[in-house]
Amino acid sequence: MSESNNTPLLLRAARGEKVERTPVWMMRQAGRYMKIYRDLREKYPSFRDRSENPDLAIEISLQPWHAFKPDGVIMFSDILTPLPGMGIDFDIVESKGPQITDPIRTQAQVNAMTPFEPEECLPFIKTILNTLRDEVKNEGTVLGFVGAPWTLAAYAIEGKSSKNYAIIKNMAFSQPAILHSFLSNIADAIAKYVCYQIECGAQIIQMFDSWAGQLSPQDYDIFALPYQKRVIDQVKEKYPDFPLILYISGSAGVLERMGKTGVDIVSVDWSVDMLDAKKRLGKDIILQGNIDPGVLFGSHDFIKSRIIDTVKKVGDQGHILNLGHGVLVGTPEDNVRFFFETCKNVKSFL
Ligand code: CP3
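What comes next is a walk through the structure.

Rules and cut-offs
Residues numbered from 1 in each chain as written. Predicted model: local features only at pLDDT ≥ 70, side-chain atom pairs only at ≥ 80, totals over all residues. Heavy atoms only, no water. Helix = DSSP H or I, 4+ residues; strand = E, 2+ residues; numbered from the N terminus. 1 Å grid on protein atoms, 1.4 Å probe; cavity = no way out; pocket = protein on both sides within 12 Å on 5 of 7 lines; lining within 4 Å. Points joined across faces, edges and corners; volume = space filled by probe spheres on them. Pairing = 2+ DSSP bridges. Axes fitted to C-alpha atoms, helices over the stretch in contact; angles between N-to-C directions. Near = heavy atom within 4 Å. Polar contact = N/O pair within 3.5 Å; in protein donor to acceptor, adjacent residues only side chain to side chain. Sits in = over half its atoms within 2 Å of the grid points. Nonpolar A, V, L, I, M, F, W, Y, C, P; charged D, E, K, R; others polar.

1. Here we look at unusual backbone geometry
Going from glycine 289 to asparagine 290, the amide bond is cis rather than trans, its omega being -10 degrees. Inspection of the secondary structure assignment puts asparagine 290 in strand 8 (residues 286-291). You will see that arginine 28, though not glycine, has its phi angle at about 60 degrees, which is positive. Looking at the secondary structure, you find arginine 28 in the loop between helix 2 (9-14) and helix 3 (35-43). Positive phi, close to 55 degrees, is recorded for tyrosine 165, a residue that is not glycine. When you line up the elements, tyrosine 165 lands in the loop between helix 9 (149-158) and helix 10 (166-174).

Laid out in structure tokens, this is it:
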């Protein structure tokens, strides 16, 4: 068999090759909307156990794979998972979300960060990615992911999920030197972490800068973009052809800027029409997205019409179907199944 026959569809699309159909996966495709996940969560209530015990993380990563056969399998983990390896401890508390034990507020805390050695602090990631590659074979593509510096800093500084980012913005706009040194440290650690995931078997990596859309474009250029780029440049220096995706929630105001970071694929949220996204990003950037996760609360006919509409707008090349953000808690599993099935057969409906 030729290399291209062995290479899974999503990976070929991510490399910009011409493909037989648009591949599809879903952000947050493993998680609470699935009963099988909720049942397992009752037995193993600690999120850190579920994501750091490789047997559990592998089982959870494969739950959507077994249920829906998406084209991509994303490892079950969290963007916060590498933080303890930098000396920042966290937990994820039921109904409260992420909690940082000792939020970063001073230069002394930044200076006291632990040098990040992913092989030592994240050995389970190697087991998870190795095993997922073996399980998925070449029938699907294994994705790794990381958080981008701004979004990780937002959690580490605020100490938890935030509505208005007052604490990090206070630091950004009154003591920017502390924030810049923190963002630099995180960027260098995350670049190492991306390379480690690649070496462990990840075939595509998505960088989530979920909360960079909270910055004005002017401040995005100061606090988010340079550090996204710092990660991407370091990874591309070592692995120039490795496909990288960048995602931001609420990215309409910074879409062109995202395309200038050096990523291969921009994951577009539903605040932008895909026709506009295509025009704004140009032909060299592959698009991912961008169906409103809320559409999965609609009827089958409605879900189908939105998938067709999205594919018609982007065309059948240079596109990876996905939602515009993670699948929501409470989404009917049958609608997720219908979404995947319809995406895979979309050509017959055009
Ligand atoms: O896509 C996948 O299937 C992999 C799973 C995944 C998780 N977190 C598991 C998880 C991914 C890709 C993430 C990334 C992540 N984590 C992001 C970026 C993606 C995005 O949505 O923008 C962010 C911002 C976080 C931080 C975080 N972790 C939040 C806001 C929460 C939810 C808090 C809550 O309870 O609602 C978490 C916890 C978390 N990470 C859960 C899951 C399935 C829910 C907790 C649980 O299942 O017990």
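2. Regarding empty space enclosed by the protein
Overall, the coordinates contain one cavity of 30 Å³ or more when judged by the stated rule. Lining of the largest cavity is provided by Val146, Val194, Ile205, Gln206, Met207, Val231, Ile232, Val235, Leu244, Ile245 and Val263. The set of elements that each furnish at least two residues to the lining of the largest cavity consists of strand 5 (204-208), helix 12 (217-238) and strand 6 (244-247).

3. Considerations on the sheet that holds strand 5
Backbone-to-backbone hydrogen bonds join strands into a sheet, with any given pair of strands oriented parallel or antiparallel. Read from one edge of the open sheet, seven strands run 1-4-5-6-7-8-9, paired in parallel fashion. Lying at the two open borders of the sheet, with one neighbouring strand each, are strand 1 (72-74) and strand 9 (319-323). If you compare each strand with its neighbour and ignore which way they point, the axes differ by 25 degrees on average. In this sheet, strand 5 lies alongside strand 4 (residues 141-147) in parallel orientation, the contact comprising five bridges. Directly across from leucine 143, in strand 5, lies its bridge partner isoleucine 204.

4. So, the site of the ligand
The environment of the ligand is formed by 24 residues, the closest being Arg28, Tyr37, Arg50, Ser210 and His325. Between an oxygen atom of the ligand and a main-chain N or O atom of arginine 28, the distance comes to 2.6 Å. Side-chain polar atom of aspartate 78 to a nitrogen atom of the ligand: 2.7 Å apart, as the coordinates give it. Among the detected pockets, the ligand sits in the largest pocket. Counting only elements with at least two residues in the shell around the ligand, the list comes to helix 3, helix 4 (47-52) and strand 3 (97-100). When grouped by side-chain class, the residues that make up the shell around the ligand number 14 nonpolar, five polar and five charged.

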